[in-house]
Every structure is written in C-alpha cells, then in structure tokens.
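# Descriptive analysis of the structure
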Amino acid sequence: MTRNYFHLHLVSDSTGETLIAVSRAAAAQYQGIASIEHIYPLIRNHEQLERVIAGIQSSPGIVLFTLVDSELAERLEKACADAGSPALSVLAPILGLFQSYLGPASAPRPGAQHVLNSEYFKRIEALNYTMMHDDGQMAEDLESADVVLLGVSRTSKTPTSIYLANRGVKTANIPLVPGVPLPSVMENVRKPLVIGLFASPERIVQIRQNRLLALNATQDSSYVDRSSVADEISRSRRLFSERGWPTIDVSRRSIEETAAAIMDLYRVHSMKFIANS
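First, a word on scope: everything that follows refers to the structure included in this document. (Residues numbered from 1 in each chain as written. Predicted model: local features only at pLDDT ≥ 70, side-chain atom pairs only at ≥ 80, totals over all residues. Heavy atoms only, no water.)

### Some details on the overall build of the chain
This is how it is decided: The way it works is that DSSP assigns letters per residue, a run of H or I at least four long becomes a helix, a run of E at least two long becomes a strand, and they are numbered from the N terminus. Taken over C-alpha atoms, the radius of gyration is set against a globule rule of 2.2 Å times the number of residues to the power 0.38. A 1.4 Å probe rolled over the protein chains alone gives each residue an accessible area, and that area as a share of the maximum for its type sets the label: buried under 20%, exposed over 50%, partly exposed in between. A positive count includes Lys and Arg, and a negative count includes Asp and Glu. His and the chain ends are not counted in either. To locate a charge, take atom NZ for lysine, CZ for arginine, CG for aspartate or CD for glutamate.
Looking only at helices and strands, one finds nine helices and eight strands in the chain. Scaling as 2.2 N^0.38, a compact globule of 277 residues should have a C-alpha radius of gyration of about 19 Å, whereas the chain reaches 24 Å, well beyond that. The principal-axis extents of the C-alpha atoms in the chain amount to approximately 65 × 50 × 30 Å. For the chain, the proportion of its 277 residues judged to be buried stands at 35%. One finds the centroid of the 27 positive side-chain charges in the chain at a distance of 4 Å from the centroid of its 29 negative side-chain charges.

Encoded structure:
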C-alpha cells in the first residue's frame, strides 16, 4: 500500500540513542516517506510500559526496542502482536552473538553503557575545554587540546567541536578571518592534531546568506561576495598546505561524517605522537 508516512515507536530502558541512530539510518533509505517518531526512554517497569503500549495501540506502526528485562520485552512483543505492529529487539541479535562467543552475561543491566565511569568524566572535561576554547578563545592554551580545527567562517567548526567533545576529544577551533593573523601559539603546537576545514565557495555563500537573513543584516558585503569568499577559501587552503595540516572538505558532509573523518585522523596522529614521545 502506498503511504507517505508511518509511525515509528522507539522503546528503550536507557536514553534511546541507539534506537534513534539505527532507526533513522534505516528510515533514510525510504525517500518520500516520513517517519513520525514516538520516543519512550527510561522504560524500566510495567506501569511505564503500559503507557507505551497504549501509545502503540492508538498509533500502530513499527516498534523497535532495547529492553534487557525479559518480562518487559515479552509483554511488549505480545502487545505489539495483538496490535498488528511489527516489533524487533535491536539488541537481541547482538547479545546473541556475544553470548555465543563469551557465554551468558552476568546480569541484565539497563543503561549499563551510561555509568559514571572515567569515560563519562573524560567527556565532561572535554566539553568544558571545548566550550572555553570556541571561536579562538583562550588560544594560549591550545597545547592542551587533542584536536584544533581551523577554517573560514561557516565551515561548521563549532558544532563539529562539540560533537567531538561529546566523544571525549578536547577540541579547540580557530576562525580564519581576512587580515587577522593566526594566534602566535600555532607556530609551536606539537601535541594536538591540527585540521583545516574548507568548503566550496557556493556552499559557504549559501550558509552565510542564510545566517545574515536570520540576523536581518545587509547582504551587501564581502562576507557573501562569491569572489571574496573564493579568495578566503583559497588562502585558507594555501595555509593548510604550507603547514602540512590535513584538510577535510565539509561541503557535502554532515557533522557526524566530518567528526568520523577527524576521529580516523586523530587515531593515526595519537599513535605517531606516542611513538615519537
């Protein structure tokens, strides 16, 4: 049957991040069909689950869940079968694979990946550092960074930095502004991985025009002039080449894709830094 939307119920005993990522990756394959997401995080008892089931019954659709409590999972699966809504435990096949290799898990632990361990506090530290070193702030402290991002205005430096910080990577970013020299500390940074971000002039102009519209600012400036922007980008790429800094074209990349490319470069850089220390 032809449809242009469907209901998607995501039921988790944790934050639901896993389900959101998996379901959106799958839904993106169906162009022209919109998913109406119903997200139910932290479902850990029968009372909470009954409210979820009521929502599924009122808006039947696909149900994806991550519930490590077998009683809750069985109750949800039965309710979905009664409502005619296909349901799938996203963790079940993965846990089955782990159990076939490692044996049974010691005990079900909802949200076990979100415990307050050293990795959690590493992310908090990285977020604090990144917020304090956004847009060229506190440049004298760049040697403490894991990654330093450079690029002209509107190359997604700040959102990429925050995304990386949420994965425990201390990230500073520095804007390249015509006529403004780089912070002197950039001459001697050794520990951080320095990466140059760039995009096509057309892409930068488009984003800058939208930014000016949002601010109700005049569009008559070199900030959105195509030739001026092209010159900015050309100068930035020349700088990156002269310094031997790796570059990433963000013209058609999402923040997640850019961050993934940076993480790949950072792993190699970290190994080289450790080997040379």
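### Some details on the pattern of salt bridges
Selection rule: The rule for a salt bridge is simple: a side-chain nitrogen of Lys or Arg has to be within 4 Å of a carboxyl oxygen of Asp or Glu.
Under the criterion given, the structure shown has eleven salt bridges. For arginine 267, the salt bridge is made with aspartate 264, and the minimal N-O distance between the two is 3.6 Å. Of this pair, arginine 267 and aspartate 264 both sit in helix α9 (residues 255-276), three residues apart, which is roughly one turn of the helix.

### Structural notes on the pairing of strand β3 (residues 62-66)
As a reminder, the rule being used: Pairing between two strands is assigned when DSSP locates at least 2 bridges connecting them.
Counting buried residues along β3, four of its five residues qualify, which places the element largely inside the surrounding structure. Sheet topology places strand β1 (residues 5-12) next to β3; five bridges connect them, and they run parallel. Its bridge partner being in β3, histidine 9 is matched across the sheet by valine 63. By the bridge criterion, three bridges tie β3 to strand β4 (residues 87-89) in an arrangement that is parallel.

### Re the environment of leucine 212
The line we're drawing: The contact criterion used is simple: two residues touch if any of their non-hydrogen atoms lie within 4.5 Å.
Among the secondary structure elements, leucine 212 is positioned in helix α7 (residues 201-214). Sequence separation of leucine 212 and valine 194 is 18 residues, and the distance between their C-alpha atoms is 29 Å. Setting aside its immediate chain neighbours within four residues, leucine 212 contacts Ala217, Thr218, Gln219, Tyr223 and Val224.

### Brief notes about the packing of helix α2 (residues 46-58) against helix α3 (residues 70-83)
Inclusion rule: For helices, the fitted axis covers only the stretch in contact; all axes are lines through C-alpha atoms, and the angles between them, taken along N-to-C directions, range from 0 to 180 degrees. Angles are sorted into four bins: roughly parallel if under 35 degrees, roughly antiparallel if over 145, roughly perpendicular if 65 to 115, and oblique for all others. Should the near helix be turned anticlockwise from the far one by less than a right angle, the crossing is termed left-handed; should it be turned clockwise, right-handed.
Here α2 crosses α3 at 20 degrees, and the two axes come no closer than 10 Å. When the axis of α2 is compared with that of α3, the two are roughly parallel. Of the two possible hands of crossing, α2 and α3 adopt the one that is right-handed. Together, His46, Leu49, Glu50, Ile53, Ile56 and Gln57 of α2 and Glu71, Leu72, Arg75, Leu76, Ala79, Cys80 and Ala83 of α3 make up the contact between the two elements.

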